[in-house]
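Now for the letters of each chain:
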Amino acid sequence: MVKIRLKRFGAAKRPCYRVVVQDARKPRDGACIEEIGTYQPIEKEGSQVSIDLERAKYWISVGAQPTDIVKKLMRVQAAKQAQ
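About the cut-offs
- Residues numbered from 1 in each chain as written.
- Predicted model: local features only at pLDDT ≥ 70, side-chain atom pairs only at ≥ 80, totals over all residues.
- Heavy atoms only, no water.
- Pairing = 2+ DSSP bridges.
- Helix = DSSP H or I, 4+ residues; strand = E, 2+ residues; numbered from the N terminus.
- Phe/Tyr/Trp six-rings, centres within 6.5 Å; stacked < 30°, edge-to-face > 60°.
- Lys NZ or Arg CZ within 6 Å of the ring centre and 35° of its normal.
- Expected span 1.5 Å × (residues − 1).
- Buried < 20%, exposed > 50% of the residue type's maximum accessible area, 1.4 Å probe, protein only.
- Arc of directions from axis to C-beta.
- Polar contact = N/O pair within 3.5 Å; in protein donor to acceptor, adjacent residues only side chain to side chain.
- Contact = heavy atoms within 4.5 Å.

(A) Highlighting the pairing of strand S3 (residues 34-39). With five bridges joining them, strand S2 (residues 14-23) and S3 adopt antiparallel strand pairing. Bridge assignment links Val21 to a residue of S3, and that residue is Glu34. Where S3 and strand S4 (residues 49-51) come together, three bridges link them in antiparallel fashion. Looking at the pairing, Thr38 lines up with Ser50 of S4.

If you want it as structure tokens, here you go:
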């Protein structure tokens, strides 16, 4: 099964995440199919989330399952684009 999930990178105690499309059997920081965005929780409120929603919708249409956190981040990105 293909999932849309977070891949951690960054320094210790300064996490950054990439939103990736990845096989569920692969390790969290392993090889991914495609990177579709970033999430930086340390940044200020307006610039934390950056996701390509068109690519995310494409992957969901072909059967990829987003994790709960990624669903929330996609809602935040959609609200940010709607403004």
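There's more to say after this.
(B) Structural detail: the packing of aromatic side chains. Taken as a whole and judged by the stated rule, the model has two aromatic pairs. On the basis of an interplanar angle of 20° and a centroid distance of 6.1 Å, the ring pair of Tyr17 and Tyr39 is categorised as stacked. Taken together, the positions of Tyr17 in strand S2 and Tyr39 in strand S3 put the pair 22 residues apart, joining distant regions of the chain. For the pair Tyr58 and Trp59, a centre-to-centre distance of 5.4 Å together with 70° between the ring planes defines the contact as edge-to-face. It is Arg18 that lies over the ring of Phe9; its NZ or CZ is 4.0 Å from the centre.

(C) Examining helix H2 (residues 68-82) more closely. Between the first and last C-alpha of H2 there are 21 Å, a value that for 15 residues agrees with the 21 Å anticipated at 1.5 Å per step. Three or more residues of H2 are buried, namely Val70, Leu73, Met74 and Gln77. The arc enclosing the buried residues of H2, seen along the axis, measures out at 105°, which places them on a common side. With respect to the buried face of H2, the exposed residues turned more than 90 degrees away are Asp68, Lys72, Arg75 and Ala82.

(D) Geometry of the side chain of Gln48. Turning to its location among the elements, Gln48 is positioned in the loop between S3 and S4. Separated by 3.2 Å, the side chain of Gln48 and the backbone oxygen of Pro41 make a polar contact. The residues contacting Gln48, other than those within four sequence positions of it, are Thr38, Tyr39, Gln40, Pro41 and Glu43.

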